[in-house]
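Given next are the chains, with one letter for each unit.
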Amino acid sequence: MSQTYLVEGKPLYQGNIISHAARVWDYWAELPNDFFSTPPQETPDQPHRDFILGMRDITAAPRGQIFIDHIDLTGRKKLFDLGGGPGLYSILSCQKYPELTATVFDLPETIAIARQMIEQENLSDRISVCEGNCDTDSFGSGNDVVLLSNVLHGATSNALQKLIKAFRSLVPGGMVAIQEFALNDAKTGPFIPALFNVMVGAYSQAELMDLLEQAGFADAQIIVQSDEVGCTWITASKPAEA
C-alpha cells in the first residue's frame, strides 16, 4: 500500500493531500489561540502548492475514475474547467475524447501548477489555461461543457452567480457538470459531506437542483453518488432555445 500511495512520482501518490490535511488539522488544534491572534498577511507558496497538488491526488484516486466512468462527453468539443486547479479533469477528458479541447480557468498561482501538469501529459496543444477570478471575470463563450468540480461550496462561494455565468457561456444544448460534497435533503449525511459541511459548508442535493433551476438550466439529474469518497456528480443542460 505504501508503494502505491506514498512514493512520490507514482500515479496514485497521495503525499500532497496528506500534507494539506495535516495543515488543516493545525487550524483546528490552534483554534483557541487563533481567536486572539492576527492572521498572517501573506500565504506561503508551499501550503498552496500542497493544496492544489492534493486536489490532483484525490482526483487520481479515485474521483477521476468516477468522473470518467459516468460523465459522458461524447460529441462535445469545448470544455471550460472552472476553478480547474491542477487541470487533471481536463487532462482525463481530453485523453478519453480525442475531439475535445479544454480551458483550465483559475487564479494565476494555480494556473502555474496546471500548466506544468498539462505539459507533462503533452496536451498543451489541446488544453489551454486562463488566469482569472471566478467572481469578476467572464467564462468566455461557445463552450458546450462547463465543469465545476468542488467550487460551489462554502458561504462565500457565490454559487448562483457562477452558475449564471456558466449558463451564459454555454451554447444552446450545452451541459454543465458539477461535482460537490452534496448533503441529503435533511442535511444529516452522508458522513463525508456532513464533516465537510462542518469545516467549509455544503449544499444539499435539493439546494443544488434549485440553484441550477434559478440559473436557467433544465433536465438536472444526479448521475452518480459515492458515499465512499463523498462525491456527487450532477449534470444539467442549457435549453436548445435559450
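One can find the structure itself at the top, above this paragraph.
From a predicted model like this one, the values you see are computed outputs, not experimental measurements.

(A) Broad picture of the overall build of the protein. The helix and strand tally for the protein stands at nine helices and seven strands. Radius of gyration (C-alpha) of the protein: 18 Å, near the 18 Å computed for a compact globule of 242 residues. Projected onto its principal axes, the C-alpha positions of the protein cover 55 × 45 × 35 Å. By residue count, 46% of the 242 residues in the protein fall in the buried class. A separation threshold of at least 6 residues defines the contact pool for the protein, and within that pool the share at least 24 residues apart is 67%. Counting only carbon and sulfur atoms, one obtains 54% of the accessible surface of the protein, whose full area is about 12500 Å². Taking the average place of the 16 positive charges on the side chains of the protein and the average place of its 30 negative ones, the gap between the two points comes to 5 Å.

(B) Representation of the environment of His20 in the model. On the secondary structure map, His20 appears in helix H2 (residues 15–29). The spacing of His20 and Arg115 is 95 residues in sequence and 21 Å in space, taken between C-alpha atoms. Once residues within four sequence positions are removed from consideration, His20 is found in contact with Asp50 and Phe51.

(C) Quick peek at the side chain of Asp81. Relative to the elements of secondary structure, Asp81 occurs in strand E1 (residues 78–82). Lacking a salt bridge, the buried Asp81 has Lys162 as its closest oppositely charged neighbour, with an N-O distance of 12 Å. Contact partners of Asp81, with chain neighbours within four places excluded, come to Gly87, Tyr89, Ser90, Thr103, Val104, Phe105 and Leu147.

(D) Summary view of the pairing of strand E6 (residues 218–226). Examined bridge by bridge, E6 and strand E7 (residues 231–237) share six bridges and lie antiparallel to one another. Paired with Ser226 across the two strands is Cys231, which belongs to E7. Connecting the antiparallel pair E6 and E7 is a turn made up of four residues, with Gly230 showing a positive phi of about 80 degrees.

(E) Region of the structure containing the nonpolar core. Grouped together as the largest cluster of nonpolar side chains are 31 residues, with contacts concentrated most on Phe67, Leu73, Ile127 and Trp233. When residues of this core are traced back to their parent elements, those giving at least two are helix H4 (45–70), helix H5 (88–96), strand E2 (101–106), helix H6 (108–120), strand E4 (143–149), strand E5 (170–180) and E7. If we ignore the near neighbours within four places in the chain, the residues touching Leu73 are Phe67, Leu79, Ser93, Tyr97, Leu100, Val145 and Met175. Listed in part, the 24 residues of the second largest apolar core include Phe105, Ala159, Leu163 and Ala236.

(F) Region of the structure containing the sheet that holds strand E3 (residues 127–131). Read from one edge to the other, the open sheet built from seven strands follows the order E3-E2-E1-E4-E5-E7-E6, with strand pairing classed as mixed. The sheet is open, and its two edges are formed by E3 and E6, each paired on a single side. On average, each strand axis in the sheet is tilted by 20 degrees relative to the strand beside it, whichever way the strands run. Bridge count between E1 and E2: five bridges; the pairing is parallel. Counterpart to Leu82 in the pairing with E2 is Phe105.

(G) Here's a closer look at the pattern of salt bridges. All told, the structure shown has two salt bridges when counted by the stated rule. Its salt-bridge partner being Arg56, residue Asp57 comes within 3.0 Å of it at the nearest N-O pair. Judged by relative accessible area, Asp57 falls into the buried class, the value being 0%. Assessed through its relative accessible area of 14%, Arg56 is described here as buried. Among the ionic pairs, Glu207 bridges to Lys187, the shortest N-O distance being 2.9 Å. Highlighted residues: Glu207 in helix H9 (residues 205–215) and Lys187 in the loop between E5 and helix H8 (191–199), separated in sequence by 20 residues. With a relative accessible area of 29%, Glu207 lands in the partly exposed category.

(H) Up close: the packing of H4 against H6. Two elements in contact, H4 and H6, have axes separated by 10 Å at closest approach and are oriented at 45 degrees. It follows that H4 is oblique to H6 by the angle criterion. As H4 packs across H6, the resulting crossing turns out to be right-handed. Contacts from His48, Arg49, Ile52, Leu53 and Arg56 of H4 reach H6 at Glu109, Thr110, Ile113, Gln116 and Met117. Each residue belonging to the contact of H4 with H6 can be placed in one class, and the counts come to four nonpolar, three polar and three charged.

How each quantity is defined
- By convention here, each chain's residues receive numbers from 1 onward along its written sequence.
- Since the coordinates come from a predicted model, pLDDT governs what is reported: local features require at least 70, and pairs of side-chain atoms require 80 or more to be given and counted, while whole-chain, interface and lining totals use all residues.
- The side-chain values count all of the structure's non-hydrogen atoms but skip hydrogen atoms and water molecules.
- Where helices and strands are cited, they refer to DSSP runs of H or I of at least four residues and of E of at least two residues respectively, numbered from the N terminus.
- For this measure, only C-alpha atoms enter the radius of gyration; the expected value for a globule follows 2.2 Å times N^0.38, where N is the number of residues.
- Throughout, exposure labels follow a simple rule: accessible area from a 1.4 Å probe, protein chains only, divided by the maximum for the residue type, with under 20% read as buried, over 50% as exposed, and the rest as partly exposed.
- Whether two residues are in contact is decided by their heavy atoms: any pair within 4.5 Å suffices.
- Accessible surface area values rest on a Shrake-Rupley calculation with a 1.4 Å probe, where residue burial reflects the displayed protein chains alone.
- The sign given to each residue is positive for Lys and Arg and negative for Asp and Glu; His and the chain ends receive no count.
- For charged residues, the charge sits on one atom: NZ in Lys, CZ in Arg, CG in Asp, CD in Glu.
- The term salt bridge refers to a side-chain nitrogen of Lys or Arg lying within 4 Å of a carboxyl oxygen of Asp or Glu.
- The criterion for strand pairing is that DSSP finds at least two bridges linking the strands in question.
- Buried residues of nine kinds, namely Ala, Val, Leu, Ile, Met, Phe, Trp, Tyr and Cys, make up a nonpolar core once their side-chain atoms join them within 4.5 Å.
- Geometry is summarised by axes, namely lines fitted to C-alpha atoms with helices restricted to the contacting stretch, and by angles between N-to-C directions that run from 0 to 180 degrees.
- Should an angle fall under 35 degrees it is called roughly parallel, over 145 degrees roughly antiparallel, and 65 to 115 degrees roughly perpendicular, with every other angle called oblique.
- Left-handed describes a crossing whose near helix is turned anticlockwise from the far helix through less than a right angle; right-handed describes the clockwise counterpart.
- Gly is put with the polar residues, along with every residue not named as nonpolar or charged; the nonpolar set is Ala, Val, Leu, Ile, Met, Phe, Trp, Tyr, Cys and Pro, and the charged set is Asp, Glu, Lys and Arg.

Any functional reading would require information that these geometric values do not contain.
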